[in-house]
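Okay, here's what each chain looks like letter by letter:
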Amino acid sequence: MSKQQRVDLSQLSPQQLQQMGEQIEGEIEQLKQNMAQLQNGVKRYHTSGRAIEALKDETGGKEMLVPLTSSLYVPGILGDTDTILLDIGTGYFVEKSPEDGVDYCKRKVNMVRENMEKLLEFIQQKQNQAAQVNQVFNAKVMQMQEQQMAQGQMQPPLQMQQMGGVPQMQMQRPLTP
């Protein structure tokens, strides 16, 4: 990950803070979607490993149903179970023994889980950034309200609402001259 420059949040306007908060929330949502994809990858590798383990105990010539899609199966006959073809990505297949296939799936599960841990740490960093932006935003809004009250302006207080994890300002009643 590239080195990011530091921004002094206290120097930003409430609008800039709001925009920054929305951007960070968008990034967090994207990262959570990436996490879900990694979780699906772990499930697929785990399922593949279990299927290979079950295949080791079978003998060739057995009748079975072969899935063409998730809901379409055709009859087939099990061939040689001493070797399997393993999809290693981008259209490449490798012939391996069932034991090597199980080992491959286990290594991939471990690799993806390590990446998930790193991604989770990054998500937590982004959530901390969002909390800091929110805290500074709230402080700026409070400061603006205090200044208005000190100047004797009889404007209604600003109401804070959470939208997408970022507070929004709304007037409780319209200003009258």
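Please read these numbers as outputs of a predicted model, since none were measured by experiment.

Cut-off values and rules
Residues numbered from 1 in each chain as written. Predicted model: local features only at pLDDT ≥ 70, side-chain atom pairs only at ≥ 80, totals over all residues. Heavy atoms only, no water. Helix = DSSP H or I, 4+ residues; strand = E, 2+ residues; numbered from the N terminus. Buried < 20%, exposed > 50% of the residue type's maximum accessible area, 1.4 Å probe, protein only. Contact = heavy atoms within 4.5 Å. Areas by Shrake-Rupley, 256 points an atom, 1.4 Å probe, with all protein chains shown as cover. Axes fitted to C-alpha atoms, helices over the stretch in contact; angles between N-to-C directions. Parallel < 35°, antiparallel > 145°, perpendicular 65-115°, else oblique. Left-handed = near helix turned anticlockwise from the far one by under 90°. Nonpolar A, V, L, I, M, F, W, Y, C, P; charged D, E, K, R; others polar. Patch = residues over 30% accessible without salt bridge, like charges linked within 9 Å, V, L, I, M, F, W, Y side chains within 5 Å. Salt bridge = Lys/Arg side-chain N within 4 Å of Asp/Glu carboxyl O. Lys, Arg positive; Asp, Glu negative; His and termini not counted. Charge placed at Lys NZ, Arg CZ, Asp CG, Glu CD. Phe/Tyr/Trp six-rings, centres within 6.5 Å; stacked < 30°, edge-to-face > 60°. Pairing = 2+ DSSP bridges.

S.K.: For this particular structure, what's the right way to read the overall build of the chain?
M.R.: The helix and strand inventory of the chain stands at 2 helices and 6 strands. Taken from the N to the C terminus, the helices and strands of the chain come in the order α-β-β-β-β-α-β-β. Considering the chain as a whole, with its 177 residues, one finds that 25% of them fall into the buried category. Taking the intrachain contacts of the chain between residues at least 6 apart in sequence as the baseline, contacts between residues at least 24 apart amount to 51%. Of the roughly 13,100 Å² of accessible surface on the chain, a fraction of 51% belongs to carbon and sulfur atoms.

S.K.: Which parts of the structure should I look at to understand the environment of Pro-75?
M.R.: The topology assignment puts Pro-75 in strand 2 (residues 73–77). Each C-alpha atom of the pair Pro-75 and Met-64 lies 5.9 Å from the other, and the pair is 11 residues apart in sequence. Among residues more than four places away in sequence, those in contact with Pro-75 are Met-64 and Leu-65.

S.K.: Quick question: what am I supposed to make of unusual backbone geometry here?
M.R.: Glycine aside, negative phi is the norm for most residues, and most peptide bonds take the trans geometry. Backbone geometry at Thr-90 places phi at a positive 50°, although glycine is not the residue there. Mapped onto the secondary structure, Thr-90 falls in the loop between strand 3 (84–89) and strand 4 (92–96). According to the relative accessible area criterion, Thr-90 is exposed, its value standing at 77%.

S.K.: Help me understand the packing of helix 1 (residues 14–56) against helix 2 (residues 98–150), please; the structure alone is not making it clear to me.
M.R.: Packed helix pairs are characterised by how far apart their axes lie and by the angle those axes make with each other. Axis separation between helix 1 and helix 2 bottoms out at 8 Å; the angle between their running directions is 165°. The orientation of helix 1 relative to helix 2 falls into the category roughly antiparallel. Helix 2 is crossed by helix 1, and the crossing has left-handed handedness. For the contact of helix 1 with helix 2, the residue count by class is 27 nonpolar, 11 polar and 11 charged.

S.K.: I tried to follow a negative patch on the surface on my own but got confused; where do I start?
M.R.: On the surface, a cluster of negative charge is contributed by Asp-80, Asp-82, Glu-95, Glu-99 and Asp-100. Judged by its relative accessible area of 41%, Asp-100 is partly exposed.

S.K.: In this structure, what is going on with the packing of aromatic side chains? I would like to understand it.
M.R.: Two numbers describe a pair of aromatic rings. These are the distance of the centres and the angle of the planes. Counted under the stated rule, the structure contains 1 aromatic pair. On the numbers, 6.5 Å between centres and 75° between planes, the contact of Tyr-45 with Tyr-104 is edge-to-face. On the criterion of sequence distance, the pair formed by Tyr-45 in helix 1 and Tyr-104 in helix 2 is long-range, its members being 59 residues apart. Judged by relative accessible area, Tyr-45 falls into the partly exposed class, the value being 25%.

S.K.: Sorry, what's going on with the pairing of strand 1 (residues 63–67) here?
M.R.: Consecutive residues of a regular strand have side chains that alternate between opposite faces of the sheet. As judged from the 5 bridges shared by strand 1 and strand 2, these two strands associate in the antiparallel manner. Considered in strand 2, the bridge of Met-64 is made with Gly-76. Between strand 1 and strand 2, which pair antiparallel and follow one another directly, the connecting turn spans 5 residues.

S.K.: Where do I start with the pattern of salt bridges in this structure?
M.R.: Once the charged atoms of two side chains with opposite charge are near each other, the side chains can pair. Enumeration according to the criterion identifies 3 salt bridges in this entry. Glu-27 is the salt-bridge partner of Lys-126, the closest N and O atoms lying 2.6 Å from each other. Here the residue Lys-126 occupies a position in helix 2, and Glu-27 occupies one in helix 1, the gap between them amounting to 99 residues. What makes Lys-126 buried here is its relative accessible area of 6%. The partner of Glu-58 in a salt bridge is Lys-62, with the nearest N and O atoms 2.9 Å apart.

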